[in-house]
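Descriptive structure summary
So the chains spell out like this:
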Amino acid sequence: MDTNVQKYLAFVKTVEHGSFTKAAEVLHYSQSGVSRMINDLERDWGMALLERGRSGVRLTSDGAVLLPYAEGVCAAHGRLQAQIDELNGLQAGLIRIGTFSSVATHWLPNIIKEFQKDYPAIDYELVLGDYAEIERWIADGRVDCGFLRLPTRPEFDIVPLARDELLVVLPEDHPLASCERFPVQALGDDPFMLLAKDGNADVANALQRLGVAVDVRFTTWDDYAIMSMVESGLGIGLLPQLILQRAPYRIKALPLEVPVHREICLATRDEAHAPRAVKRFLAYLDCRMPARADVLTR
């Protein structure tokens, strides 16, 4: 966006919301950045536009005269940009996606492959991390959207996608390997390989909900390390079903007698103001995911 249009928009939003802080939140700028842009306008135009006070800001008489013109410029710029996008027809664009390993491995390749059929010129940047990192990247604008588990930050816009069941993983020769469902209380009978990192505690939370105590012998955020340990007979674990697809280990995966899930969503900081390519990607996922997983009720 042209620098002058940014300043006009900062002026309009500050008046609309009555404070620099609220305008900054809406525009995803810093409070000082919004204040500086309006100071620049006042210096450029040689007049005070706003009266500052403890209760917020309000228009000066000169500001009231000029506000409708600033609003007109912002509206015209929005129409101009929409027409440019329409003429370009999404001929180019970049979607930056924050994701964790199971989604990157088992969902995104097919999702992107299908999306490229309609939008072949779109480029992608995949940034792998854990839930806390992805939330931070979305909030900071490092990525346009990110796969997360629910609940997540209340300020995010989300597209709920699927329930991913947690399954017990155990060696093929385990005495309970032939069970249809694994008994909850039996989770405490073997050494336990715990999948966890910082605030990413899907398994620990599930165990707490089930009310079972386990003998944790190994903790990691690497799904495949858990599988390898289990294959070697060092214990059992609890892993998301998604990461167990095409698992290259000689292990058995069983549902618990009391099912537990993690709920996966795609989150953005502000869908309404997301780049057009990102909006199309979100809409595509919203339509296509029902064919891929046990979808959450929206």
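- You'll find the protein entered in an unreviewed UniProt entry as LysR family transcriptional regulator, with Eggerthella sinensis given as the organism.
- The UniProt entry for the protein carries the following comment under Sequence similarities (unreviewed entry): "Belongs to the LysR transcriptional regulatory family."

**Examining the overall build of the protein**
- The helix and strand inventory of the protein stands at 10 helices and 11 strands.
- Projected onto its principal axes, the C-alpha positions of the protein cover 80 × 45 × 30 Å.
- In the protein, buried positions account for 44% of the 298 residues.
- Restricting the contact set of the protein to residue pairs at least 6 apart, pairs at least 24 apart contribute 72%.
- Summed over its atoms, the accessible surface of the protein is roughly 15,200 Å², and 49% of this surface lies on carbon and sulfur atoms.

**Quick look at the pattern of salt bridges**
- Tallying each qualifying case throughout the model produces 14 salt bridges.
- A network of salt bridges, in which partner residues are shared, links Lys 7, Asp 40, Arg 43 and Asp 44.

**Description of the packing of helix 1 (residues 3-17) against helix 3 (residues 31-45)**
- The N-to-C vectors of helix 1 and helix 3 enclose an angle of 110°; their axes lie 9 Å apart at closest approach. By the criterion of interaxial angle, the relationship of helix 1 to helix 3 is roughly perpendicular. Facing Gln 6, Lys 7, Tyr 8, Ala 10, Phe 11 and Thr 14 of helix 1, the residues of helix 3 in contact are Val 34, Met 37, Ile 38, Asp 40, Leu 41, Asp 44 and Trp 45.
- Taken together, the residues of the contact of helix 1 with helix 3 break down into 8 nonpolar, 2 polar and 3 charged.

**Comments concerning the pairing of strand 2 (residues 56-59)**
- In terms of strand pairing, strand 1 (residues 50-53) meets strand 2 through 4 bridges, oriented antiparallel. Looking at the pairing, Leu 50 lines up with Leu 59 of strand 2.
- Taken together, strand 1 and the strand that follows it, strand 2, pair antiparallel across an intervening segment of 2 residues.

**Concerning the nonpolar core**
- Core analysis: the biggest nonpolar cluster contains 36 residues, and Ile 95, Trp 107, Phe 147, Leu 148, Leu 266 and Phe 281 have the highest contact counts within it.
- Leu 167, Leu 210, Leu 254 and Leu 256 belong to the second largest nonpolar core, which has 32 residues in total.

**Considering the environment of Pro 175**
- By secondary structure assignment, the location of Pro 175 is in the loop between strand 6 (157-171) and strand 7 (191-195).
- Remark: the alpha-carbon pair of Pro 175 and Ser 19, spanning 156 residues in sequence, is separated by 66 Å.

**Focus on the domain arrangement of the protein**
- Each domain of the protein was delimited in the assignment, giving domain 1 (1-81) and domain 2 (163-261).
- The C-alpha-based centres of domain 1 and domain 2 are spaced at 55 Å.

**Comments concerning the packing of helix 2 (residues 20-27) against helix 3**
- One can describe the packing of helix 2 onto helix 3 by two numbers: an axis separation of 8 Å at closest approach and a directional angle of 105°. Relative to helix 3, helix 2 is oriented roughly perpendicular. Residue-level contacts link Phe 20, Thr 21, Ala 23 and Ala 24 of helix 2 to Gln 31, Val 34, Ser 35 and Ile 38 of helix 3.
- Residues belonging to the contact of helix 2 with helix 3 are distributed by class as follows: 5 nonpolar, 3 polar and no charged.

**Digging into the packing of aromatic side chains**
- Under the criterion given, the structure shown has 7 aromatic pairs.
- Their ring planes at 85° and their centres at 5.3 Å tell us that Phe 100 and Tyr 131 sit as a pair that is edge-to-face. With a gap of 31 residues between them, Phe 100 in the loop between strand 3 (93-99) and helix 5 (101-106) and Tyr 131 in helix 7 (residues 131-140) connect regions that are remote in the sequence.
- A residue is classified by how much of its surface remains accessible, and Phe 100, at 4% relative accessible area, is buried.
- Centre to centre, the rings of Phe 115 and Phe 281 are 5.3 Å apart; their planes meet at 85°, and the pair counts as edge-to-face. Taken as a pair, Phe 115 in helix 6 (residues 108-118) and Phe 281 in helix 10 (residues 276-288) lie far apart in primary sequence, 166 residues in all.
- Accessibility expressed as a relative area gives 1% for Phe 115, which makes it buried.
- Residue classification places Phe 281 among the buried residues on the basis of a relative accessible area of 0%.
- Here a set of aromatic residues connected by ring pairs shows up, and it is made of Phe 115, Tyr 119, Phe 281 and Tyr 284.

Conventions adopted
- Per-chain numbering applies: the sequence of each chain, read as written, is numbered from 1 onward.
- Side-chain atom pairs in this predicted model are given and counted only at pLDDT of 80 or more, local residue features only at pLDDT of at least 70, and totals for whole chains, interfaces and linings cover all residues.
- Computation of side-chain values covers all heavy atoms of the structure but excludes hydrogens and water.
- UniProt positions are given in the numbering used here, feature names are shortened, and annotations may be inferred rather than shown by experiment.
- Counting from the N terminus, the helices are DSSP H or I runs at least four residues long and the strands are E runs at least two residues long.
- For every residue, the accessible area obtained with a 1.4 Å probe (protein chains only) is divided by the maximum for its type, and the residue is called buried under 20%, exposed over 50%, and partly exposed between those limits.
- We call two residues in contact whenever any of their non-hydrogen atoms come within 4.5 Å of each other.
- For the area figures, the Shrake-Rupley method with a 1.4 Å probe applies, and any residue is considered shielded solely by the protein chains shown.
- Note on definitions: salt bridges are taken to be side-chain nitrogens of Lys or Arg within 4 Å of carboxyl oxygens of Asp or Glu.
- Comment: axis = line fitted to C-alpha atoms, over the contacting stretch for helices; angle = value between 0 and 180 degrees taken between N-to-C directions.
- We call two directions roughly parallel when the angle between them is under 35 degrees, roughly antiparallel when it is over 145, roughly perpendicular when it lies between 65 and 115, and oblique otherwise.
- Classes in brief: Ala, Val, Leu, Ile, Met, Phe, Trp, Tyr, Cys and Pro nonpolar; Asp, Glu, Lys and Arg charged; the others, Gly included, polar.
- Two strands form a pair only when DSSP identifies at least two bridges running between them.
- Nonpolar cores are built from buried Ala, Val, Leu, Ile, Met, Phe, Trp, Tyr and Cys residues. Side-chain atoms within 4.5 Å join them into one set.
- Residue ranges assigned to the domains are those given by an automatic or database domain assignment.
- Whether two aromatic rings pair depends on their centres lying within 6.5 Å, for rings of Phe, Tyr and Trp, where Trp uses its six-membered ring; planes under 30 degrees apart make the pair stacked, over 60 edge-to-face, and the rest tilted.

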